[in-house]
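A closer look at the structure
Here's the letter readout for the chains.
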Amino acid sequence: MQRWLLKSEPDVFSYDDLVRVGAEPWTGVRNYQARNFMRAMKQGDLCVFYQSNAKPNAAVGVCSVLREAYEDPTSTEPGRWSAVDVAPVSKFVSLVSLERLRDLPELLACPLIRRGNRLSVLPLTNTEFEAIVAAGGLDPHALDSVPMLH
DNA sequence: GCCAACGTTGGC
DNA sequence: GCCAACGTTGGC
């Protein structure tokens, strides 16, 4: 199973919003690389939910891919952009700030912590995913067996 | 609010 | 196909 990271600005849509609504179309991505990653997502894939332009910028929980890529309903250009649906899995016990993410040795190669990284959807290795989830106070392997708790 | 880092667009 | 101008993202 592939792991991913999704960025969102909490002023626009936060993890708590996702918990509130239960499922959400992930629309509006207008970057080809990010779009291609979304098209590669499989139902049940787990994603770290990262909040940018936030106080603090931080990974805050885990969500899963509920519905694989389909035409982005917010796009006026047919066939060009894609959306997926995501659902909350579990909020972190404690958020993992960007500052702490930078301190995780497992993330040294992850584009997330590079200044100027503008990718809003990016793949994570298992090692990266587990390091972030563990730093958030969850057991990464418990997520495997119970993909839809919350 | 500033600005660095990029991706995209469009003129040539 | 190059590249300058422009727009956007996102950390600070």
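Quick caveat, the model's predicted, so the values are computed rather than measured.

As a further point, take the protein's contact with DNA strand B. Close to DNA strand B lie Asn31, Tyr32, Arg80, Arg115, Gly116 and Arg118. The contact atoms of DNA strand B, taken as those within 4 Å of the protein, divide so that sugar and phosphate hold 67%. Classifying every residue of the surface near DNA strand B by side-chain character gives one nonpolar, two polar and three charged.

Position of Asp85 relative to the elements: it lies in strand E5 (residues 82-97). A distance of 2.4 Å separates the side chain of Asp85 from the side chain of Tyr70, its partner in a polar contact. For Asp85, the residues in contact, after removing those within four places along its chain, are Glu24, Pro25, Ser64, Val65, Leu66, Arg67 and Tyr70.

Another point: the UniProt feature "domain: EVE" (unreviewed entry) in chain A. As annotated in UniProt, the feature "domain: EVE" (unreviewed entry) corresponds to residues 3-134 in the numbering used here. Its end C-alpha atoms 14 Å apart, residues 3-134 is made of 23% helix and 37% strand.

Another aspect to go through is the packing of aromatic side chains. A full pass over the atoms with the stated rule returns five aromatic pairs. When the centroid spacing of 6.0 Å and the interplanar angle of 50° are considered together, the rings of Trp4 and Phe37 count as tilted. Placement of the pair is Trp4 in strand E1 (residues 3-8) and Phe37 in helix H2 (residues 32-39), with a sequence separation of 33 residues. Across the pair, Phe37 and Trp4 agree in class, each one buried. Grouped by ring-pair contacts, the aromatic residues Phe13, Tyr15, Trp26 and Phe49 constitute a single cluster. It is Arg67 that lies over the ring of Tyr70; its NZ or CZ is 3.6 Å from the centre.

Calculation criteria
Residues numbered from 1 in each chain as written. Chains lettered and ligands numbered in written order. Predicted model: local features only at pLDDT ≥ 70, side-chain atom pairs only at ≥ 80, totals over all residues. Heavy atoms only, no water. Near = heavy atom within 4 Å. Nonpolar A, V, L, I, M, F, W, Y, C, P; charged D, E, K, R; others polar. Helix = DSSP H or I, 4+ residues; strand = E, 2+ residues; numbered from the N terminus. Polar contact = N/O pair within 3.5 Å; in protein donor to acceptor, adjacent residues only side chain to side chain. Contact = heavy atoms within 4.5 Å. UniProt positions renumbered as here; feature names shortened; annotations may be inferred. Phe/Tyr/Trp six-rings, centres within 6.5 Å; stacked < 30°, edge-to-face > 60°. Buried < 20%, exposed > 50% of the residue type's maximum accessible area, 1.4 Å probe, protein only. Lys NZ or Arg CZ within 6 Å of the ring centre and 35° of its normal.

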